[in-house]
Amino acid sequence: MRRAGKVVRAVLEKVRGHVKPGATTLDLDRAAEAGLAEFGAKAAFKGYHGYPAVLCTSVNSEVVHGIPSAKRVLKEGDIVSLDFGAVVDGYFGDSAITVPVGEKIDPDTARLLRVTEASLRSGIAAVKPGATLGDIGAAVQGVVEAEGFSVVRDFVGHGIGVHMHEDPQVPNFGEAGRGMKLRVGMVIAIEPMVNAGKADVRVLGDGWTAVTGDGSMSAHFEHTVAVTATGATILTE
Ligand code: MF3
Ligand code: CO
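Residues numbered from 1 in each chain as written. Chains lettered and ligands numbered in written order. Predicted model: local features only at pLDDT ≥ 70, side-chain atom pairs only at ≥ 80, totals over all residues. Heavy atoms only, no water.

Hey, could you run me through the overall build of the protein in this one?
For the protein, the helix and strand inventory stands at 4 helices and 15 strands. The C-alpha atoms of the protein give a radius of gyration of 17 Å, which matches the 18 Å a tight globule of 237 residues would have. Principal-axis analysis of the C-alpha atoms places the extent of the protein at approximately 50 × 40 × 30 Å. Burial status across the protein gives 51% buried among its 237 residues. Within the protein, counting contacts between residues at least 6 apart in sequence, those at least 24 apart form 69% of the total. Of note, the protein has its 24 positive side-chain charges centred 3 Å away from the centre of its 28 negative side-chain charges. (Helix = DSSP H or I, 4+ residues; strand = E, 2+ residues; numbered from the N terminus. Rg over C-alpha atoms; globule rule 2.2 N^0.38 Å. Buried < 20%, exposed > 50% of the residue type's maximum accessible area, 1.4 Å probe, protein only. Contact = heavy atoms within 4.5 Å. Lys, Arg positive; Asp, Glu negative; His and termini not counted. Charge placed at Lys NZ, Arg CZ, Asp CG, Glu CD.)

What's the story with the coordination of the cobalt ion (ligand 2) in this structure? I'm lost.
When four donors bind a metal tetrahedrally, each ideal donor-metal-donor angle is 109.5 degrees, and when six bind octahedrally, the ideal angles are 90 or 180 degrees. The protein atoms that coordinate the cobalt ion (ligand 2) are Asp94 (OD), His158 (NE2), Glu191 (OE) and Glu222 (OE), at distances of 2.1 to 2.3 Å. A relative accessible area of 2% places aspartate 94 in the buried class. (Donors = N, O, S within 2.8 Å, 3.2 Å for Na, K, Ca; no water.)

I would appreciate a short explanation of the environment of lysine 20 in the present structure.
Looking at where lysine 20 falls in the secondary structure, it is placed in the loop between α1 (2–16) and α2 (25–39). The class for lysine 20 is partly exposed, based on a relative accessible area of 46%. Sequence separation between lysine 20 and valine 151 is 131 residues; the distance between their C-alpha atoms is 28 Å. Excluding its chain neighbours within four sequence positions, the residues that come into contact with lysine 20 are Leu74 and Val101.

What am I meant to see in the sheet that holds strand β14 (residues 223–227) here?
Sheet strands line up and pair through hydrogen bonds in the backbone, either parallel or antiparallel. Here we have 5 strands laid out as an open sheet, ordered β8-β7-β9-β14-β15, and antiparallel in their pairing. What marks the edges here is a single partner per strand, and that holds for β8 (166–170) and β15 (232–234). The sheet shows a mean angle of 25° between the axes of neighbouring strands, taken without regard to direction. Contacts between helix α3 (residues 107–125) and the sheet are confined to β9 (187–190), β14 and β15, with β14 contributing the most and set at about 15° to the helix. Running at roughly 40° to β8, helix α4 (residues 133–146) makes contact with β8 and β9 of the sheet. (Pairing = 2+ DSSP bridges. Axes fitted to C-alpha atoms, helices over the stretch in contact; angles between N-to-C directions.)

I tried to follow the packing of α1 against α2 on my own but got confused; where do I start?
A pair of packed helices is characterised by two quantities: the angle between their axes and the separation of those axes. At a closest axis distance of 9 Å, the pairing of α1 and α2 adopts a crossing angle of 145°. Viewed along their axes, α1 and α2 form a crossing whose handedness is right-handed. Across the interface between the two elements, Val7, Ala10, Val11, Lys14 and Val15 of α1 pack against Leu28, Ala31, Ala32, Ala34, Gly35, Leu36, Glu38 and Phe39 of α2. Looking at the contact of α1 with α2, its residues break down into 10 nonpolar, 1 polar and 2 charged. (Left-handed = near helix turned anticlockwise from the far one by under 90°. Nonpolar A, V, L, I, M, F, W, Y, C, P; charged D, E, K, R; others polar.)

Would you take a moment to explain the packing of aromatic side chains for this structure?
Under the defined criterion, the tally for this structure stands at 1 aromatic pair. With a centroid separation of 4.9 Å and 80° between ring planes, the pair formed by tyrosine 51 and tryptophan 208 is classed as edge-to-face. In this pair, tyrosine 51 is assigned in the loop between β1 (42–43) and β2 (55–59) and tryptophan 208 in the loop between β11 (201–203) and β12 (210–212), connecting sequence segments 157 residues apart. Judged by its relative accessible area of 3%, tyrosine 51 falls in the buried class. Directly above the aromatic system of phenylalanine 173 lies the positively charged group of arginine 153, at a separation of 4.8 Å from the ring centroid. (Phe/Tyr/Trp six-rings, centres within 6.5 Å; stacked < 30°, edge-to-face > 60°. Lys NZ or Arg CZ within 6 Å of the ring centre and 35° of its normal.)

What is the right way to look at the sheet that holds strand β13 (residues 218–220) in this model?
Taken in spatial order, the 3 strands of this open sheet run β6-β10-β13, and their pairing is antiparallel. Across the chains shown, the open sheet's two edge strands, defined by having one partner strand only, are β6 (150–151) and β13. Bridge count between strand β10 (residues 193–195) and β13: 3 bridges; the pairing is antiparallel. Each bridged residue has a counterpart across the sheet, and for valine 194 the counterpart in β13 is alanine 219. Together, β10 and β13 form the strand contacts of α3, whose direction differs from that of β13 by roughly 35°.

Set out below in structure tokens:
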């Protein structure tokens, strides 16, 4: 799983380098495909319940699962979430980042990106043997709501291993002390999705793209994390 995680990180950083005004989200998918070929790894997303690409590209008010398209041209001031998974020798890695397009990013949108990434860090910091899923959710939620943003409830993180989605579900909200206890060797994907406005989302007619109900901006960061004797190891770092 460490090997899969390293491929995911390397490809995501390569794709990040292609984010600029004028690029299309299909350009980003092509860059991710080229990265997979370079490492001899398999796509985790393509074909999953019929998903048509290797990368999810979710722009501005798109929360997750945006489908790359030649018609979607990125422009200065946009933000784009890049969500990517790979399979190496049957083991999965999954990670996401949200990045600004160009230099002129609105200050509140920049804060949304910082806070969402910080909430992921806070969730990871809660991971250790004996901690609970509720500890992770509470840690993420606390960071997000202290800044006046909203945690998306309709999508959650997940166990990961020989499938992309395994038990348990890993919510980005909850109560400390509640839920399943973590044990050494468990591997989970923690992936806060945070809306600048209200938490509700809806799925567009393409059957995939989730957008904020109120049209507000949304950010998404994800790491694949293993529970170790002393805490956590981030496999996608
Ligand atoms: N990181 C996303 C997840 O954990 C990726 C799934 S996209 C899909 O659910 F297209 F593969 F479904
Ligand atoms: Co995931």
